[in-house]
Amino acid sequence: MNLPNKITVFRFFCVPALLACALINFPYHWLATLIVYVIACLSDKADGVIARKRGLVTDFGKLMDPLADKALVFAAYIVLIDFGWHTDLVIMIMLIREFLVAGIRMAAAAEGEVIAANGFGKAKTLLQMLTTIAAFLFLALSEFGLEINSDTAWFNIYCAIAFWIVGIITMLSGIVYTKDGWHLIKTK
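About the cut-offs
Residues numbered from 1 in each chain as written. Predicted model: local features only at pLDDT ≥ 70, side-chain atom pairs only at ≥ 80, totals over all residues. Heavy atoms only, no water. pLDDT = per-residue confidence, 0-100. Helix = DSSP H or I, 4+ residues; strand = E, 2+ residues; numbered from the N terminus. Core = buried A, V, L, I, M, F, W, Y, C linked by side-chain atoms within 4.5 Å. Buried < 20%, exposed > 50% of the residue type's maximum accessible area, 1.4 Å probe, protein only. Contact = heavy atoms within 4.5 Å. 1 Å grid on protein atoms, 1.4 Å probe; cavity = no way out; pocket = protein on both sides within 12 Å on 5 of 7 lines; lining within 4 Å. Points joined across faces, edges and corners; volume = space filled by probe spheres on them.

## Structural notes on the confidence of the model for the chain
Low pLDDT means the predicted atomic positions in that stretch should not be read closely.
Step number 1: Averaged over all residues, the pLDDT of the chain is 87; the fraction at 70 or higher stands at 96%.
Step number 2: Helix H4 (residues 88-110) is the least confidently modelled element of the chain, averaging 84 in pLDDT, while helix H1 (residues 3-23) averages 96, the highest of any element.

Here it is, written out as structure tokens:
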């Protein structure tokens, strides 16, 4: 297994660490959550840069890198839903998109093709990560005196607006993947 693929696998291991830091109440747990999440997000960029620069792009990486991203981002969303800072409908839109794209990728794999993430999909993932990093940053700052709880209006407004914007971009990304991969769906 090459270095970029090891970094991708590392990102999967960040998911339970992220959930533990966020959901177990200990001093500065939001700061720990933020640190784990940022490291995992940066590892996404690192594995791609290393793979392209060193010519280590593999089918494993093309398939597993987006799955590691999804696992990480949705773990963060689960945390925000658990605390009431996220809209369930947005998550459903995003999950539908992810299952649809995964199905198209499986259909492509059955035909011997591998569909790597396109620019729209990469932009979607970057926006998902950045908006969630901001949410965790605000929560980490709450451990240093910034007042945030489930009744904090501005934080609830931020989460609603930011994640609805990302939800719409996610949906548009799914439409692009569906359009590009439609030829792979065979009907009898």
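From this point, the discussion proceeds with the structure in view.
## Considering the nonpolar core
Nonpolar side chains in soluble globular proteins generally cluster together in the buried interior.
Step number 1: In this structure, Tyr37 and Phe136 are the most contacted members of the largest nonpolar core, which totals 36 residues.
Step number 2: For this core, the elements supplying multiple residues, two or more each, are H1, helix H2 (29-53), helix H3 (59-82), H4, helix H5 (119-142) and helix H6 (153-181).
Step number 3: Looking at this core, the element that brings in the most residues is H3, giving eight residues.
Step number 4: In this structure, Tyr37 is in contact with Leu18, Leu72, Val73, Ala76, Gln128, Met129, Thr132, Ile133 and Phe136, ignoring residues within four places of it in sequence.

## Section: the layout of surface pockets
Step number 1: The space that makes up the largest pocket amounts to roughly 770 Å³.
Step number 2: Lining the largest pocket are 36 residues, with Asp44, Gly48, Arg52, Asp65 and Lys122 positioned closest to its centre.
Step number 3: Elements supplying a minimum of two residues to the lining of the largest pocket: H1, H2, H3, H4 and H5.
Step number 4: Ranked by residue count, the leading element in the lining of the largest pocket is H5, at nine residues.

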